[in-house]
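Inside the fold
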Amino acid sequence: KMFLRYLHKNHKRVYLLVETQEEGEAFFQYLEHYYRGIQIVGMAKVSAENRADDMLVNAINGAETDCVLSMLCSPLQEDFAAKNRALLNTRILFGMGKAAPPWKETSFGKSPDSLPGEFSEKRWKSKRQRTTGMSGQTFKRHTDTERKK
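Now for a description of the structure that goes with this document. The shown structure was predicted, so the numbers you read here are calculated from the model rather than taken from an experiment.

1. With respect to the nonpolar core
- With 14 residues, the main nonpolar core has L4, L31 and L69 as its most contacted residues.
- For this core, the elements supplying multiple residues, two or more each, are α1 (2–9), β1 (13–18), α2 (21–34) and β3 (67–71).
- Among the elements that make up this core, the one with the highest residue count is α2 (four residues).
- With residues up to four places along the chain from it excluded, the contact list for L69 reads F3, L4, L7, V14, Y15, L16, L17, F27, L31, F94 and M96.
- With twelve residues, the next largest nonpolar core counts L17, L56, F80 and L88 among its residues.

2. What to know about the sheet that holds β1
- Read from one edge of the open sheet, four strands run β2-β1-β3-β4, paired in parallel fashion. Where the open sheet ends on each side, the last strands, each with one partner, are β2 (39–45) and β4 (92–95). With direction set aside, neighbouring strand axes in the sheet form an average angle of 20 degrees.
- Where β1 meets β2, six bridges bridge the pair, whose relative direction is parallel. Paired with V18 across the strands is K45, a residue of β2.
- α1 contacts β1, β3 and β4 of the sheet and is inclined by roughly 145 degrees relative to β3.

3. Focus on the pairing of β1
- Burial analysis of β1 places five of its six residues in the buried class, which makes it a mostly covered element.
- In this region the chain leaves β1, passes through α2 and returns to the parallel neighbour β2; the handedness of that crossover is right-handed.
- By the bridge criterion, five bridges tie β1 to β3 in an arrangement that is parallel. Within β3, the position partnered with L17 by the bridge is S70.

4. Quick notes on the pairing of β4
- Strand direction decides the pairing type here: β3 and β4, joined by four bridges, are parallel. Residue pairing in the sheet places V68 in a bridge with L93 of β4.
- At this point the chain moves from β3, through helix α4 (residues 74–84), to the parallel β4, and the crossover so formed is right-handed.

5. Some remarks on the packing of aromatic side chains
- Per the stated rule, a full pass over the model turns up four aromatic pairs.
- When the centroid spacing of 6.2 Å and the interplanar angle of 25 degrees are considered together, the rings of F3 and Y6 count as stacked. Here the residue F3 and the residue Y6 both occupy positions in helix α1, the gap between them amounting to three residues, near one helical turn.
- Geometrically, the ring pair formed by Y30 and Y34 is tilted, given 5.4 Å between the ring centres and 55 degrees between the ring planes. In this pair, Y30 and Y34 are both assigned in helix α2, four residues apart and thus about one turn of the helix distant. Each member of the pair, Y30 as well as Y34, carries the same accessibility label: buried.

Procedures and definitions
Residues numbered from 1 in each chain as written. Predicted model: local features only at pLDDT ≥ 70, side-chain atom pairs only at ≥ 80, totals over all residues. Heavy atoms only, no water. Core = buried A, V, L, I, M, F, W, Y, C linked by side-chain atoms within 4.5 Å. Buried < 20%, exposed > 50% of the residue type's maximum accessible area, 1.4 Å probe, protein only. Helix = DSSP H or I, 4+ residues; strand = E, 2+ residues; numbered from the N terminus. Contact = heavy atoms within 4.5 Å. Pairing = 2+ DSSP bridges. Axes fitted to C-alpha atoms, helices over the stretch in contact; angles between N-to-C directions. Right-handed = clockwise from strand over helix to strand, strands pointing away. Phe/Tyr/Trp six-rings, centres within 6.5 Å; stacked < 30°, edge-to-face > 60°.

Below, the structure written as structure tokens:
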């Protein structure tokens, strides 16, 4: 998340590599919703059967991307990085893997089913807003001396 915040803050250009169209759409929606500063310049579906690495490298370099976010399975991701390392004109190829996509992340002690929704605003409110139930009002903590009065 810290790296995504960096990309958001500096308005970097990002290219997405995914294995399925559904993963790509979910990741795209997540980035558009929570990290609007990231400029998504392209997305490609990569599979082990029909890999056209040269066309993919040309598309990535043509979009002048700063970073490639890869959500591919382990051997496919490493093979792509090793074969095309010298050809890519990006600063970072960030391999996220498929184990824990950011849009399915849960908080500690809760199952994914108990959360209100995948992209719920309630889930991302600050701790102060959640504990007080106020949206924009200030929170004043009562001390023991104030309660006795």
